[in-house]
Amino acid sequence: VVLCRSNQGMYEYLFRHKPRKWCKLGGLHPPSPKLKPWVYDLENFLAGISPSFKYKSEEFQSLVDIQEYAIDEGDTILMRYIMLLPFLESNSMSIREFFQGIGSTFQKLRPGELLEDYDGVILSTVHKAKGLEFPSVLLYSDFKYDMIAKGATSESILIDEVNILYVATTRAKERLYLTSEGSECFDKLSERAGVNISLSPIANPLENVYKTQDNLFEQWEQFQSKKDDSITSMNDIPWPPGLDGDKNSLGLDRRMEETRYRVYLRKLRLMYHPDKFLPKFGVRIVSIELKVQVKERIQKITQLCNILHQEERGWAA
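Residues numbered from 1 in each chain as written. Predicted model: local features only at pLDDT ≥ 70, side-chain atom pairs only at ≥ 80, totals over all residues. Heavy atoms only, no water.

Draft legend 1. Representation of the side chain of Glu113. Assignment of secondary structure puts Glu113 in the loop between helix 5 (95-105) and strand 5 (121-125). Engagement of the side chain of Glu113 in a polar contact is seen with the backbone nitrogen of Arg110, the distance being 2.9 Å. (Helix = DSSP H or I, 4+ residues; strand = E, 2+ residues; numbered from the N terminus. Polar contact = N/O pair within 3.5 Å; in protein donor to acceptor, adjacent residues only side chain to side chain.)

Draft legend 2. Geometry of the environment of Asp119. One can find Asp119 in the loop between helix 5 and strand 5. At a separation of 2.4 Å, a polar atom in the side chain of Asp119 contacts the side chain of Lys21.

Draft legend 3. Summary view of helix 1 (residues 7-17). The buried fraction of helix 1 is high, at eight of eleven residues. Listed in full, the buried residues belonging to helix 1 are Asn7, Gln8, Gly9, Met10, Tyr11, Tyr13, Leu14 and Phe15. Along its buried surface, helix 1 packs onto strand 1 (2-4), strand 2 (22-24), helix 4 (76-90), helix 5 and strand 5. (Buried < 20%, exposed > 50% of the residue type's maximum accessible area, 1.4 Å probe, protein only. Contact = heavy atoms within 4.5 Å.)

Draft legend 4. Examining the packing of aromatic side chains more closely. This model, assessed by the stated rule, comprises 25 aromatic pairs. Residues Trp220 and Phe223 carry aromatic rings whose centres are separated by 5.5 Å and whose planes lie at 45° to one another, so their mutual orientation is tilted. Placement of the pair is Trp220 and Phe223 together in helix 10 (residues 207-225), with a separation of three residues, close to one helical turn. Per residue, the accessibility class of Trp220 equals that of Phe223, and both read buried. Their ring planes at 55° and their centres at 5.0 Å tell us that Phe277 and Phe281 sit as a pair that is tilted. One end of the pair is Phe277 and the other is Phe281, both in helix 12 (residues 277-281) and four residues apart, which spans about a single turn. Since its relative accessible area comes to 1%, Phe277 is described here as buried. Connected via pairs of aromatic rings, a cluster forms that spans Trp38, Phe45, Phe53, Tyr55, Phe60, Tyr69 and Tyr81. Directly above the ring of Phe223 sits Arg284, whose terminal nitrogen or CZ lies 4.6 Å from the centroid. (Phe/Tyr/Trp six-rings, centres within 6.5 Å; stacked < 30°, edge-to-face > 60°. Lys NZ or Arg CZ within 6 Å of the ring centre and 35° of its normal.)

Draft legend 5. Geometry of the pattern of salt bridges. Overall, the coordinates contain eight salt bridges when judged by the stated rule. Notably, a salt bridge pairs Glu161 with Arg5, separated by 2.6 Å at the nearest N-O pair. With Glu161 in helix 8 (residues 155-169) and Arg5 in the loop between strand 1 and helix 1, this residue pair connects regions lying 156 residues apart in the sequence. A salt bridge links Glu174 to Arg175; the shortest N-O distance between them is 3.3 Å. (Salt bridge = Lys/Arg side-chain N within 4 Å of Asp/Glu carboxyl O.)

Draft legend 6. Molecular detail of the nonpolar core. Counting 58 residues, the largest nonpolar core has Leu42, Leu78, Tyr81 and Ile95 as the members making the most contacts within it. It is helix 4 that contributes the most residues to this core, seven residues altogether. Leaving out residues up to four positions away in the same chain, Ile95 has contacts with Leu35, Val39, Tyr40, Glu43, Tyr81, Leu84, Leu85 and Leu88. With 31 residues, the next largest nonpolar core counts Met256, Tyr264, Phe277 and Ile285 among its residues. (Core = buried A, V, L, I, M, F, W, Y, C linked by side-chain atoms within 4.5 Å.)

Draft legend 7. Inspection of a negative patch on the surface at higher detail. A surface patch of like charges, here negative, comprises Glu58, Asp65, Glu68, Asp72 and Glu73. The element contributing the most residues to the negative patch is helix 3 (residues 63-73), with four residues. Position of Glu73 relative to the elements: it lies in helix 3. Classification of Glu73 as exposed rests on a relative accessible area of 54%. (Patch = residues over 30% accessible without salt bridge, like charges linked within 9 Å, V, L, I, M, F, W, Y side chains within 5 Å. Areas by Shrake-Rupley, 256 points an atom, 1.4 Å probe, with all protein chains shown as cover. Lys, Arg positive; Asp, Glu negative; His and termini not counted. Charge placed at Lys NZ, Arg CZ, Asp CG, Glu CD.)

Draft legend 8. Just the sheet that holds strand 5, in detail. If you walk across this open sheet you meet the five strands as 2-5-1-6-7, and the pairing is parallel. Edge strands, defined here as strands with exactly one partner in the open sheet, are strand 2 and strand 7 (172-178). Taken over all neighbouring pairs, the strand axes of this sheet differ in orientation by 30° on average, direction set aside. As paired strands, strand 1 and strand 5 are joined by three bridges and run parallel to one another. Paired with Cys4 across the strands is Thr125, a residue of strand 5. Contacts between helix 8 and the sheet are confined to strand 1, strand 6 (134-139) and strand 7, with strand 6 contributing the most and set at about 140° to the helix. (Pairing = 2+ DSSP bridges. Axes fitted to C-alpha atoms, helices over the stretch in contact; angles between N-to-C directions.)

Draft legend 9. Here's a closer look at the pairing of strand 6. By the bridge criterion, two bridges tie strand 1 to strand 6 in an arrangement that is parallel. By the bridge assignment for strand 6, Leu3 is matched with Leu139. Bridge analysis of strand 6 against strand 7 gives five bridges, and the strand direction is parallel. Across the sheet, residue Phe134 finds its bridge partner in strand 7, namely Ala172.

Here's what the structure looks like:
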């Protein structure tokens, strides 16, 4: 579970990390790019395309005026887009493109599916997660870490932010993951309080995934180099994991960084190419029956690669 301080933090996480599968705690429906017209009007105004912005019965000439109105009226929806739209514009993305992207990778929990069995990213704000506990929690970087560490604000605001951080950290039952900003904040808090908060470096949660991939490539190099060795069984060929319906098909994991995901998938498609594998290695296969089994396995890998390739393209579609 990735906990964010605000909805804006969740949007930034989705933009920067582009999870290949995600859901929102308590969110049953995917984000829709079909927003109300005033959202697109606000986008055009902030981009300098329109000279003013009309909202309800008001007309605004500056962003400051819009912000003051949203604060005075307690309009959290308007404030949400005031924060999101400039962020997207600075990253050369329209709000329509953004919601189309995150909507294409949204997949809600199946009926009866446990959080710990969900093979994607579960996002939530601290407010939505209050009173709940999860085995593993990552605190995103949108918490007011710097403000808390320095104490550079009024006492009441500082207490509020510390309470938010406290609620967030206590959602984890087994493992709590911090960003570098979060770790530095806890170090400074422990120094100020004169207590020792022990934070142990943790392994990359994808470390085993990457080891499996590297082992496959090493085995493949050895397999290719043994040009005179006969292939007497299916076990003589290094196969990618996940051919029996594992959630990390072919050794891929939806949490992988996008470039590495693409490179690994491209390598698999070249290694087990249906038009190249048998012409290259078929002479080493000792029987026709075994050659048929190998061909069927290659076809299955190709089908899985094509499916995963289409999913991988979903963000840009």
